[in-house]
Amino acid sequence: MKILVIGPSWVGDMMMSQSLYRTLKAAHPQAQIDVMAPAWCRPLLDRMPEVNQALAMPLGHGALELGERRRLGVSLRDTHYDRAFVLPNSFKSALVPFFARIPQRTGWRGEMRYGLLNDLRVLDKAAFPLMVQRYAALGYEAGRIKTAADLPQPILWPKLQVTEAEIAAVKTSFAVDNSRPVIGFCPGAEFGPAKRWPHYHYAVLAEKLICEGYQVVLFGSAKDNAAGEQIRLALTEDSQPFCLNLAGKTSLDQAVVMIAACQAVVSNDSGLMHVAAALDKPLVALYGPSSPDFTPPLSHQAKVIRLITGYHKVRKGDAEEGYHQSLIDIQPEQVYQELNQLLSARKEL
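Small disclaimer: the values here were computed from a predicted structure and weren't measured.

For the structure shown, the criterion picks out zero disulfides. You can see Cys186 has no disulfide; the closest cysteine sulfur is in Cys262, sitting 7.8 Å from it.

Spatially, the six strands line up as an open sheet ordered 3-2-1-4-5-6, and their pairing is parallel. Because the sheet does not close on itself, it has two edges, and the strands there are strand 3 (51-56) and strand 6 (119-121). Put simply, the sheet's adjacent strands are angled 20° from each other on average, direction ignored. Here strand 5 (residues 104-108) pairs with strand 6 via three bridges, running parallel. Bridge pairing in strand 6 links Thr106 to Asp119.

Quick look at helix 8 (residues 225-233) now. The set of residues buried in helix 8 consists of Ala227, Gly228 and Ile231. Along the axis of helix 8, the buried positions cluster into a sector of 100°, meaning they face one direction only. Facing away from the buried surface of helix 8 by more than 90 degrees, the exposed residues are Ala226 and Leu233. The inward-facing, buried residues of helix 8 abut helix 7 (199-211), strand 8 (215-218) and strand 9 (243-245).

Glancing now at the pairing of strand 11 (residues 283-286). Alternating residues of strand 11 divide into Leu283 and Ala285 and Val284 and Leu286, and every residue in both groups is buried. The pairing of strand 10 (residues 264-268) with strand 11 spans four bridges and is classified as parallel. Bridging from a neighbouring strand, Val266 pairs with Val284 of strand 11. For the crossover from strand 10 across helix 10 (residues 271-278) to strand 11, the handedness is right-handed. Judged from the four bridges that link them, strand 11 and strand 12 (residues 302-305) form a sheet pairing that is parallel. Its bridge partner lying in strand 12, Val284 is registered against Lys303.

Conventions used here
- Residues numbered from 1 in each chain as written.
- Predicted model: local features only at pLDDT ≥ 70, side-chain atom pairs only at ≥ 80, totals over all residues.
- Heavy atoms only, no water.
- Disulfide = S-S within 2.5 Å.
- Pairing = 2+ DSSP bridges.
- Helix = DSSP H or I, 4+ residues; strand = E, 2+ residues; numbered from the N terminus.
- Axes fitted to C-alpha atoms, helices over the stretch in contact; angles between N-to-C directions.
- Buried < 20%, exposed > 50% of the residue type's maximum accessible area, 1.4 Å probe, protein only.
- Arc of directions from axis to C-beta.
- Contact = heavy atoms within 4.5 Å.
- Right-handed = clockwise from strand over helix to strand, strands pointing away.

Structure below.
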């Protein structure tokens, strides 16, 4: 069976989509699964053993470009895919498999996709409260899975592959001190400061960990570099050499490998949080206005800290520097205690 998946466009969503690939591969071990997604996703897809190849989606997020999507679909006809799965809910995301004339095209109804999808599922959001459940459910025949309780357990969570040789090489590239174990911090967030734990809290935690013999490595995109520098510069002069700000200095693939090198990770609600979960790292995930009820970290070694309930659609909080009060209220000592428990449990395994 040859399968084409139209993948999502965000790091966290792409990570959770691996549960579908794992589900399909478990049911059809000989299946060839190709995933079409933005080119930046390739480092993630290359580390998913279920994926045969990543196909670049050359069109930008939000662009319809009907003619180009038709050309792209026509170019895939000679591949003779048997099935397609369309994970985004947009109309345009269903066009390529339609133009490719793939016989069975599966997805949730979404944005009025009658005809484009011929295996159209109607989503009951209450029956499938988690995004990962919605992805996994598509891997079963229509009508078989009516609620999340019908999904075979356990759901096959995302799991990335990284080798020890890759870890050693990347640590050498960034001159990481091998005499101290690494704790990773992911202090950025895609949609503004309201989802960020304050830099001064991160700094207090980093200072404590460095004094205990750890080193701290900061991860994120180029726009997170300034937040990383705020953390590093808030440390004492003696501690600063043991805090390495790699935000914006690594490729996504290098960041994945470096996270694999960490003893544990502390993260805001972000795409890298889901990467850390898929690498099975002890993980403390800090939530404020966004909710873990839909996209929690998928790991038995993750601890979520959140002091409020509900979903609050804000990108900038009312507190100084745009932080949200619910994240300010999460104290470094609480995070340290949770982190310590996870590290202790890991050592006992």
